[in-house]
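Analysis of the macromolecular model
Each chain, letter by letter, is given below.
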Amino acid sequence: MFNYDLDLSMNRANGTVTFDESGTITSSINGEVLLTLSADNMTELSVSGGVGCGFLYATMKDESEVLICRFTMSVLKAAGEFCKVVNYYINSKEFPKSEEKHKLVCEKCGRPFAEGISVCLFCYDQMGVLKRALMLLKPFAPKMITAQLFLTLSQILYLLVPLFSRMLIDDHLRTQTGTAMQVIILAGAMFLARGLGELIYIISSRVYNKCSILYSNHLRVLAYEKIQKLSLNSLAKRTPGDLIRRVMEDTGTVRNFISDAGRWAIEQMIVFVVVLIILLVTNWRLTLLVFLPVPLVAFALSRFRGFIRLRYEKQWRKNSKAHSILHDIIRGIRTVKSFGKEEMEIEKFAKATRELAQVSSDNEALWSLLFPTLLFFTGIGEFLILYFGGRSVLGGGLTLGVLIQFTMYIGYIYGPLRWLVSFPRWLADATTSMVKLFEIIDEEPEIIAVENPKNVPLEGKITFENVTFGYKSYEPVLKGIDIEIKPGEMIGLVGRSGAGKSTIINLLLRLYDPNQGRITINGVDIREISPEYLHENIGVVFQDTFLFHGTLYDNIAYGKEGATPEQVIAAAKIANAHDFIMQTSDGYNTIIGENGYTLSGGERQRIAIARAIIKNPSILILDEATSSLDVETESIIQESLDRIVKGRTTIAIAHRLSTLKNADRLFVIDGGKIAEYGTHFELLKKKGIYYNLVMAQRKTSKIAEPVEV
Amino acid sequence: MENTNEASRSLASAIDIGFLDPKKAEFYVTAGGFTGLRYEGNDYKRITLRRAFPIGKPSEYISVADKDNKEIGIIRSLADLDKDQYEIVVAELEKRYYSPTVYEVKSVKDKLGYVYMELLVGKNGATYTKNCAVKDVTRNIRLLSEDTLAIFDVDGNRYIVESLSKLDKKSLKRLEPYLL
């Protein structure tokens, strides 16, 4: 069941679609039934998205289509999940096991969850999160607590200075009764208190900071380990930037909170209480004067903080806009120049920088007014103490030493107060970072390795049995795929872009698990084989070759742990890479740039092939391995591929059909299903989809290049 | 201008844009609740209408596609259609493009790169409060003109502030930091 929010005329409505045990779908608004349909008469239930809205419709057995309901985009995912359940029933006449529904909005405040986060950032249990973070702190706790005690001691030592100062002034200087020795002793005590305090401070803060670094490192490793274990499906919910931010920035935020805010919280509160007691005991009236401007400053700080932050954020966004315009122009400078659009681009950038300059100048003007004003008001307490305290000193009600002691202690009172105003925000920032980290750490991987894997020798007999799969559960990409591949056979997957060819490969690699059906290798379900063993036995070459920063040797040896130089050279020779590697000045030790940019496309691809075959896999997957290359380079690589596919089960995808001419069988994928299969000649004779693809390619090849098919 | 015309003439000779002949097109509502089209002897049971220029020219250049998303043709201007045909097409477009109007911005809160908004929105006279989250505000809070603003939320909904100048002061103040 799911609730929808628009009626058929696109007005706001409270609608419900249900699917009951008799296989009937009922749509109603405010309890009034609008439509009932039996799933037994349907071939498929689907959702379709418009712009800002979508609709649910049924395809009936007589091929007619019936509109069931309309909704805003907020309902699309729920409608998709509903389709999944009904379509399962249509195909199997059974009801699927109920799955836990992913919540999309917070039940408490109604706000949608941020993408990839299933915790409401406004309503989570802040203290609970903090408690958990502190539990993880346990191994570092003894050192940190000791360091904290010493840090507090250093602060107490600093507090002695104004006391000694008062004693010096009142007991010895003002009365002029003190001896030089007494002055030296008191000055020495002040020096010692300060010096010892600093020394303790330096040592203990080093210990404390080291612990907080180790703690954040511990969190970082936990999060990184989990990311490596999560399935592509889980990772796809988040952008790479988001994951990097969680591992690097969020752990940094937690560390800063522990090392700065956490430490200060204890330190400053102790100092505040001690100073407050000293001041109250010394002169409670003057003490009250110290607090007079506090409410005003606290109010001003909290009132303006949000406002200033928004203004600076706007400046940051304007800056980022100007930056991205500049980035775009410089990257596309060739296009700009060839279209003669220099003037237009100059104006575009000038406009963005003008706007940035305006916002920056407004912000600076505001800040230059606000900051001194706030400082002035914060300092009012000092003026009041000087005025009233000064009058008391002149009237004999207060000694000069006490007044000086008061002014010295004021800093110790205002510091923690200013800090207290910011503390809730620090705490909020740190706990939200913790929530994001714990979410990753706690996430259960969707691809679960079985406890007792059946790691039998994988000779390369692959079977897809009624496999259905969709990246989004409501949009199946593959529908009921049945394929049987014999050991050593070369299979070509053919079809239009988006037909589902690469998805078949993703499933075989177990980057995702099928929604229905199973995939076996040598009769064993791949879910029962350990992922590491499976990947050891499958070599893959993708179209977009990702090479890591490092040497050519490292990149080839990446495919096999502990590969020997002979194995690396052999793999490179099979992949036709050895010759060009030997042309470079450092041979196999040549360092390639990030993502291998210093290599040509063909060279990168050959390194990738060497990397795939170095482990001598029984199954080889070539996913558009030569698509982005020119004909000449392709033929070089093709030659190496022809050499390596022998004796291995090979699955190849290529949009250039000539690449697949040697395949034993070709499977034509269309609309997520196997539309045709057979040898090249069998399929040509059939004059179906494959024939049309070949003809279309022949037609374009007359203009572009000769294709032999 | 002459050059442009020349250019369009030569482009038009290179490719047939495929404008629909409004006199031959017969739009109708199917029994299943969809919009269909009979055209040049073909009966398309469920068509999809798409505006080529939804912002500048919402009533011109309307692409008509069949249920497999293959374009049947383009309606040059809705004004070329007969009244009853016009009504069917406009009703279908209304069902494809759903952008409620924003009447009030009740609150805006920024958290972890998301802007959470509580908006009073409405369509066809009825209003309701909507909680939405906006990611990447530089791209998803967009001025369509000097006075018109579009807000795109993370679900894919879109809300339109038809006139910023007519929005109440508090709402405008809440939106102001995001107007770039």
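Preceding this paragraph is the structure being described.
A quick note: this is a predicted structure, and the numbers were derived from the prediction, not measured. (Residues numbered from 1 in each chain as written. Chains lettered and ligands numbered in written order. Predicted model: local features only at pLDDT ≥ 70, side-chain atom pairs only at ≥ 80, totals over all residues.)

A closer look at the overall build of chain B
The cut-off we apply is this: The secondary structure listing takes helices from DSSP runs of H or I that are at least 4 residues long and strands from runs of E that are at least 2 residues long, numbered from the N terminus. Whether two residues are in contact depends on their C-beta atoms, placed from the backbone: they are in contact if these lie within 7 Å.
Tallying secondary structure elements over chain B gives 4 helices and 12 strands in all. Intrachain contacts of chain B at a sequence separation of at least 6 include 29% that bridge at least 24 residues.

A word on the overall build of chain A
Put simply, the rule reads: Buried means a residue has 20 or more other C-beta atoms within 10 Å of its own C-beta, exposed means 12 or fewer, and partly exposed covers the counts in between; C-beta atoms are placed from the backbone.
Scanning chain A from terminus to terminus reveals 21 helices and 19 strands. Within chain A, the proportion of its 709 residues that are buried is 32%. Pairs at least 24 residues apart make up 69% of the contacts formed inside chain A by residues separated by at least 6 positions.

Describing unusual backbone geometry
Residues and elements named next belong to chain A. Even without glycine at this site, Lys-93 takes up a positive phi of about 60 degrees. Along the chain, Lys-93 turns up in the loop between helix 1 (76–92) and helix 2 (126–136). With 10 C-beta atoms packed within 10 Å, Lys-93 lands in the exposed category. A positive phi is found at Arg-510, a non-glycine position, where the angle reads about 55 degrees. For Arg-510, a count of 20 C-beta atoms within 10 Å gives the class buried.

Considerations on the sheet that holds strand 4 (residues 48–53) of chain B
Residue and element names in this part refer to chain B. Definition in use: Here, a strand pair is defined by DSSP locating no fewer than two bridges between the strands. Comment: axis = line fitted to C-alpha atoms, over the contacting stretch for helices; angle = value between 0 and 180 degrees taken between N-to-C directions.
Reading across from one edge, 4-5-6 is the order of the 3 strands in this open sheet, with antiparallel pairing throughout. A single partner strand is all that each edge strand has here, and the edge strands are strand 4 and strand 6 (71–77). Between one strand axis and the next, the sheet turns through 30 degrees on average, direction left out of account. Where strand 4 meets strand 5 (residues 57–65), 5 bridges bridge the pair, whose relative direction is antiparallel. Across the sheet, residue Thr-48 finds its bridge partner in strand 5, namely Ala-65.

Here we look at the interface of chain B and chain A
For clarity, the threshold we go by: Polar here means any residue other than Ala, Val, Leu, Ile, Met, Phe, Trp, Tyr, Cys and Pro, which are nonpolar, and Asp, Glu, Lys and Arg, which are charged; Gly is therefore polar.
Listed per partner, the contact involves 31 residues of chain B and 30 residues of chain A. Here the side of chain B that touches chain A gets 6 residues from one element, more than from any other, and that element is strand 9 (residues 126–135) of chain B. In the side of chain B that touches chain A, the residues fall into 13 nonpolar, 8 polar and 10 charged.

Points about the packing of helix 18 (residues 601–613) of chain A against helix 19 (residues 631–645) of chain A
All names here are of chain A. Cut-off, in case you're wondering: For classification purposes, an angle smaller than 35 degrees is called roughly parallel, one larger than 145 roughly antiparallel, one from 65 to 115 roughly perpendicular, and anything else oblique.
At their nearest, the axes of helix 18 and helix 19 sit 10 Å apart, and the two run at 10 degrees to each other. When the axis of helix 18 is compared with that of helix 19, the two are roughly parallel. Where helix 18 approaches helix 19, its residues Gly-602, Gln-605, Arg-606, Ile-609 and Ile-613 are matched on the opposing element by Thr-633, Ile-636, Ile-637, Ser-640 and Ile-644. Partitioned by chemical class, the residues of the contact of helix 18 with helix 19 number 5 nonpolar, 4 polar and 1 charged.

Re the sheet that holds strand 12 (residues 524–525) of chain A
All names here are of chain A. Read from one edge to the other, the open sheet built from 4 strands follows the order 9-8-11-12, with strand pairing classed as antiparallel. Only two strands of the sheet have a single partner each, and these edge strands are strand 9 (478–485) and strand 12. Across 2 bridges, strand 11 (residues 516–521) lies against strand 12 in antiparallel orientation. Among the inter-strand pairings, Ile-521 is bridged to a residue of strand 12, identified as Val-524. This element, helix 13 (residues 501–508), spans strand 8 (462–469), strand 9 and strand 11 of the sheet and lies at about 115 degrees to strand 8.

Details of the nonpolar core
All names here are of chain A. Put simply, the rule is: The term nonpolar core refers to a set of buried Ala, Val, Leu, Ile, Met, Phe, Trp, Tyr and Cys residues connected through C-beta atoms within 7 Å. Domain segmentation is taken from an automatic or database assignment of domains.
Membership of the largest hydrophobic core comes to 70 residues, with the highest contact counts inside it found for Ile-556, Ala-610 and Phe-667. Per-domain counts for this core show at least three residues from each of domain 3 (452–537 + 619–709) and domain 4 (545–616). Not counting residues within four places of it along the chain, the set of residues in contact with Phe-667 comprises Ile-483, Ile-491, Leu-493, Val-494, Ile-674 and Tyr-677. Of all hydrophobic cores here, the second largest spans 29 residues; its members include Leu-45, Cys-53, Tyr-57 and Val-66.

Regarding helix 1 of chain A
All names here are of chain A. Counted only if it meets this: By this rule the span expected of a helix is its residue count minus one, scaled by 1.5 Å.
A rise of 1.5 Å per residue sets the reference length of helix 1, with its 17 residues, at 24 Å; its end C-alpha atoms lie 24 Å apart and thus fit the reference within 8%. Listing the buried residues of helix 1 in full gives Leu-76, Ala-78, Ala-79, Gly-80, Phe-82, Cys-83, Lys-84, Val-85, Val-86 and Asn-87. At its buried positions, helix 1 is contacted by strand 1 (2–6), strand 2 (12–19), strand 3 (24–29), strand 5 (42–49), strand 6 (53–60) and strand 7 (65–72). Positive backbone phi, at 60 degrees, marks Lys-93, one or two positions downstream of helix 1.

What to know about the packing of helix 7 (residues 284–291) of chain A against helix 11 (residues 380–395) of chain A
Residues and elements named next belong to chain A. Counted only if it meets this: Left-handed is the label given to a crossing in which the near helix is rotated counterclockwise from the far helix by less than a right angle, and right-handed is the label when the rotation is clockwise.
Between helix 7 and helix 11, the least distance of the axes is 8 Å, while the angle of their chain directions is 155 degrees. As the angle between them shows, helix 7 and helix 11 are arranged roughly antiparallel. Seen from above, helix 7 lies across helix 11 with right-handed handedness. Contacts from Leu-286, Leu-289 and Val-290 in helix 7 reach Gly-381, Leu-384, Ile-385, Phe-388 and Gly-389 in helix 11.

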